[in-house]
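Below are the chains, spelled out letter by letter.
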Amino acid sequence: MVLGSLTLQRRFPGMQEELKERASKDEPFGSLCKDLVDAEVALRHWERSSLTVSAERCREYQAMVESLADEIADVLKREPQR
């Protein structure tokens, strides 16, 4: 399951149960979590790439990862779990 990923564990330590429960009840939140994991996987791919566009792609995916992580954190702070 996406919510067991190291990405989410690293970015939101100690919150795995809350993330899992919230994602199971809130589809948009679950999609945010999946998008974060997918963006981080893509970032790691481009970090290993030797193509000339890799530096640009790394910047793009790093920005995406940070934005998604911030959005998840904002939801966790702003919206109490129901």
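Here's a quick rundown of the structure.

Cut-offs applied
- Residues numbered from 1 in each chain as written.
- Predicted model: local features only at pLDDT ≥ 70, side-chain atom pairs only at ≥ 80, totals over all residues.
- Heavy atoms only, no water.
- Helix = DSSP H or I, 4+ residues; strand = E, 2+ residues; numbered from the N terminus.
- Buried < 20%, exposed > 50% of the residue type's maximum accessible area, 1.4 Å probe, protein only.
- Contact = heavy atoms within 4.5 Å.
- Expected span 1.5 Å × (residues − 1).
- Polar contact = N/O pair within 3.5 Å; in protein donor to acceptor, adjacent residues only side chain to side chain.
- Core = buried A, V, L, I, M, F, W, Y, C linked by side-chain atoms within 4.5 Å.
- Axes fitted to C-alpha atoms, helices over the stretch in contact; angles between N-to-C directions.
- Parallel < 35°, antiparallel > 145°, perpendicular 65-115°, else oblique.
- Left-handed = near helix turned anticlockwise from the far one by under 90°.
- Nonpolar A, V, L, I, M, F, W, Y, C, P; charged D, E, K, R; others polar.

Digging into the overall build of the protein
Now for step 1: Tallying secondary structure elements over the protein gives 4 helices and 0 strands in all.
Now for step 2: Each helix and strand of the protein, ordered N terminal to C terminal, gives the series α-α-α-α.
Now for step 3: Dimensions of the protein along its principal axes, counting C-alpha atoms only, are 45 × 20 × 20 Å.
Now for step 4: Relative to its full complement of 82 residues, the protein shows a buried share of 34%.
Now for step 5: Partitioning the contacts of the protein with sequence separation of at least 6, the portion at a separation of at least 24 is 67%.

Focus on helix α4 (residues 54-78)
Now for step 1: Given a rise of 1.5 Å per residue, 25 residues ought to cover 36 Å, and the 35 Å separating the end C-alpha atoms of α4 matches this to within 8%.
Now for step 2: For α4, the full list of buried residues reads Ser54, Cys58, Val65, Leu68, Ala69, Ile72, Ala73, Val75 and Leu76.

Topic: the environment of Glu71
Now for step 1: With respect to the helices and strands, Glu71 occurs in helix α4.
Now for step 2: Counting along the chain gives 42 residues from Glu71 to Phe29, while the straight-line C-alpha distance between them is 9.5 Å.

Some words on the environment of Lys25
Now for step 1: Considering the arrangement of structural elements, one finds Lys25 in helix α2 (residues 16-25).
Now for step 2: The spatial distance from the C-alpha of Lys25 to the C-alpha of Arg44 is 29 Å, given a sequence separation of 19 residues.
Now for step 3: Within polar-contact distance, the side chain of Lys25 engages the side chain of Glu21 at 3.0 Å.

Notes on the nonpolar core
Now for step 1: The biggest cluster of nonpolar side chains holds 20 residues, and the ones touching the most others in it are Leu8, Phe12, Leu19, Phe29, Leu36 and Ile72.
Now for step 2: Elements with a minimum of two residues in this core: α2, α3 (27-48) and α4.

Regarding the packing of α2 against α3
Packed helices, taken two at a time, are described by the angle between their axes plus the distance between the axes.
Now for step 1: Two elements in contact, α2 and α3, have axes whose closest approach is 5 Å; the angle formed by their N-to-C orientations is 125 degrees. Taken together, the axes of α2 and α3 are oblique relative to one another. Note that α2 runs across α3; the crossing there is left-handed. Where α2 abuts α3, its residues Leu19, Arg22, Ala23 and Lys25 lie against Glu27, Phe29, Gly30 and Cys33.
Now for step 2: Partitioned by chemical class, the residues of the contact of α2 with α3 number 4 nonpolar, 1 polar and 3 charged.

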